[in-house]
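What follows is the residue order along each chain.
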Amino acid sequence: MNKLREVAYRMKLIKGLGSITSLSVSQEAYDRIETYKKLYAGFCKDIHEYRYLHLGTEKTRKLSSLKMPKVSAAKMATLVFNEKVEFNFSDNNLEMYVMNVLKDNKFERNMRTQFEYMFALGGMAVEGFYDDGIKLNYIKADSFVPLAWNAAGDISEAAIVVSTSTKGTDRYTLVRFHTWDGPQYVITNKLFKSASTTDGELGVEVSLGILYPELEAEVRIDNLDRPLFEYVKPNTANNLDLDSPLGIPLYANAIDTIKALDTAFDSYYREFRLGKKKIIVPATVMKTNHNTDTGVPIRYFDTNDEVYEAMNFGDSMEGMKPHEISMNLRVKEHIDGINGLLSLYASQTGFSPNTFVFDGQGVKTATEVVSENSETFRTKQTHEQSVETLCRGVVEIVLQLSSLYGEYQPPLEWSMSLQFDDSIAEDKATEITNQTMLLGSGLTSKRRAIMKTQGVTREEAEEILKEILEESRSVTSGQVDMMGIE
C-alpha cells in the first residue's frame, strides 16, 4: 500500500463521499481549504491574477508574491516544535518502547513539516495501524473528513483519503472509514474508480483486489477506548464556521492583508522594471517594414527594446537629438508601506508587530529573542497545548496497538509530558532565578534546569552536568596539604 501511495489529494471528493455516508461538514469548508492551499503555494487566482487594459485589449499578468502564508506557518511551526522538544514519561521502559516506535516512523522529523501544514491549512491528523509493526500515517487537512464529534469538538469518527493513483485511463481512490458500531471499533477500506480525465469525482466502488489484494475490506476491534487517529488544529477559534470541528490556518482572517501585501510588493518589483532609464529618439530613425499589399513603408521599433522609445519631435534640430529620461524610484516609500502591512499581518496571525521585516530583498524574520510578555511567545504557548494533545493522542494510539497485537503491555498507570523549547525567552536572569528556586525546592532536576536556562538538548545538558560533577570531585595539591585530604 505504501508503494502505491501518492501525495495527490483531491478533496473535491467530498461531494462523492457525501453520497455514500452522512457528512456533517459542508463542502464550503473544503473549498476554503483549497483556497488556503493556493495561498500557501503563493498563487491564488482570485488574488494574484491581475487584469488590465492595454491599447484597448484586456490582458492578465501574475502578481509577484511575498508568500507570507508559507513564511508565517513555517515560523510558528519552528517555534512550537523543533529539535529541542523533549518527551518525558513516568516509566523508563514505557519511554524506551514508545520512543523507538516514534523513531521508526520518523515522527519528530515528519511532525516539523506536518505542523507547518497544520498552521497553513488549518489542521492535520495522525492515523495508527499495524502492518508488520506499528505504523503512523500523516494526513493533511484536505484528506481528513470528520463524521462524528461531541460538543467539545473531539472527533470520534472520520473518513480518510489514503491515496489516489492512476492506472491506465482510470483513477483509483482509496478511502478508509473509522467508525463505531456500539462498543466495537470498525475500520472499513473502500476503493473507488473514476475516469482519470474527470477531476474531483469519487466514481464507483470497485473491488479492493484490483490494487490491494491483501487489504481487508473490514476490520472489527474490541476493547478500544479511543479512535486510532488523532486530529489537531491551531489553537484558534474557527470564526468562519462556528459549528465545525475543523480548524482554520493562522492567516484565515488576514487574506485581505495578504492581497494588499502582494499588491504592494508587486508594485515595488515593477518600480524597478518600469523605472529603467529611457532614451527618446526621433521616429524618423526607427526601423521600417514594407506592407506587402500596398508597398508603403511602416516605421516600427523593437517591442523588446527597453532602452529606446520613439516620439515625433518635429523637424527642428533640437527635436532630432536623443533625449534621456531617468525615473526617480520610490524605493523607501514602497519598503515603508510593505513593512507597515507586515506589522498588521503579524498582529493578525499572533506574532509581535516587528516579527517580519522587508529589507528590499525579501522578508526577514526577527532573529533576536523575544520576551515572555510578547505576543509571539504567548501565541506559541497557546499552540503548544494543541501540539501536546496530539502527541499524547499518538502515544495512546501506539500503546493501544502494542497491547492489541501483543508487542508491549503498558503499565496500568502512566503519564507523559512535553518539554518545549522556551530558549527564545529574553529574560534569562528571571529564568535562572526561577530554575534555581525550583531546584532548591526539589521540584526539578539539575538536568532540566540546565536545559531551561541554557537552551540545550537533553544530551547536551547531561554532558554539562557530567562536567560539573567531575569538577566538584577534583581538588588541587594545595587543598590536600591544607585540608589533609587523602
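Source: prediction; values computed, not measured.

Turning our eyes to something else, we now look at the sheet that holds strand β5 (residues 134–140). Across the sheet, 3 strands lie side by side as β5-β4-β12; this open sheet has antiparallel pairing. At either end of the open sheet lies a strand with only one pairing partner, and these are β5 and β12 (229–232). Averaged over neighbouring strand pairs, the angle between their axes works out to 15° when direction is ignored. Here strand β4 (residues 124–130) pairs with β5 via 7 bridges, running antiparallel. Paired with Ala125 across the bridge in β5 is Ile139. Packing of helix α6 (residues 107–121) onto the sheet brings it into contact with β4, β5 and β12, and relative to β5 it is tilted by some 20°.

This part takes up the confidence of the model for the chain. Detailed conclusions should not be drawn from predicted coordinates in areas where pLDDT is low. A residue-level look at the chain finds 74% of positions with pLDDT of 70 or above and a mean pLDDT of 80. Taken together, the stretch residues 1–12 has pLDDT below 50 and engages in 36 contacts with residues farther than four places along the chain or on a different chain.

This brings us to the pairing of strand β3 (residues 86–89). The alternating pattern of β3 places Glu86 and Asn88 and Phe87 and Phe89 on opposite faces, both of which are buried. Pairing analysis gives 4 bridges linking β3 to strand β20 (residues 416–419), with the strands arranged antiparallel. Bridge pairing in β20 places Phe87 opposite Leu418.

In this section: the environment of Ala461. Mapped onto the elements of the fold, Ala461 is located in helix α12 (residues 458–473). Taking the C-alpha atoms as reference, Ala461 lies 5.7 Å from Arg447; in sequence the two are 14 residues apart. Beyond its immediate stretch of four places on either side in the chain, Ala461 contacts Arg447, Ile450, Met451 and Val456.

What follows deals with the packing of helix α4 (residues 68–80) against α6. As a packed pair, α4 and α6 sit with axes 8 Å apart at the nearest point and diverge in direction by 130°. One element, α4, and the other, α6, form an angle in the oblique class. The handedness of the crossing between α4 and α6 comes out as right-handed. Contacts between α4 and α6 involve Lys70, Ala73, Ala74, Met76, Ala77 and Val80 from the former and Arg112, Phe115, Glu116, Phe119 and Ala120 from the latter. Its residues assigned to classes, the contact of α4 with α6 comprises 8 nonpolar, no polar and 3 charged.

Together, Glu463, Glu467, Glu470 and Glu471 give the surface a local cluster of negative charge. Along the polypeptide, Glu463 turns up in helix α12.

Glancing now at the nonpolar core. Core analysis: the biggest nonpolar cluster contains 98 residues, and Phe107, Met111, Phe115, Phe144 and Tyr251 have the highest contact counts within it. Of all hydrophobic cores here, the second largest spans 5 residues; its members include Ile450, Val456, Ala461 and Leu465.

Relative to the 44 Å expected for 30 residues at 1.5 Å per residue, helix α9 (residues 375–404) spans 44 Å between its end C-alpha atoms, a close match to the ideal helical length. Downstream of α9 by one or two residues, Gly406 has phi in the positive range, about 70°.

Cut-offs applied
Residues numbered from 1 in each chain as written. Predicted model: local features only at pLDDT ≥ 70, side-chain atom pairs only at ≥ 80, totals over all residues. Heavy atoms only, no water. Pairing = 2+ DSSP bridges. Helix = DSSP H or I, 4+ residues; strand = E, 2+ residues; numbered from the N terminus. Axes fitted to C-alpha atoms, helices over the stretch in contact; angles between N-to-C directions. Contact = heavy atoms within 4.5 Å. pLDDT = per-residue confidence, 0-100. Buried < 20%, exposed > 50% of the residue type's maximum accessible area, 1.4 Å probe, protein only. Parallel < 35°, antiparallel > 145°, perpendicular 65-115°, else oblique. Left-handed = near helix turned anticlockwise from the far one by under 90°. Nonpolar A, V, L, I, M, F, W, Y, C, P; charged D, E, K, R; others polar. Patch = residues over 30% accessible without salt bridge, like charges linked within 9 Å, V, L, I, M, F, W, Y side chains within 5 Å. Areas by Shrake-Rupley, 256 points an atom, 1.4 Å probe, with all protein chains shown as cover. Salt bridge = Lys/Arg side-chain N within 4 Å of Asp/Glu carboxyl O. Lys, Arg positive; Asp, Glu negative; His and termini not counted. Charge placed at Lys NZ, Arg CZ, Asp CG, Glu CD. Core = buried A, V, L, I, M, F, W, Y, C linked by side-chain atoms within 4.5 Å. Expected span 1.5 Å × (residues − 1).

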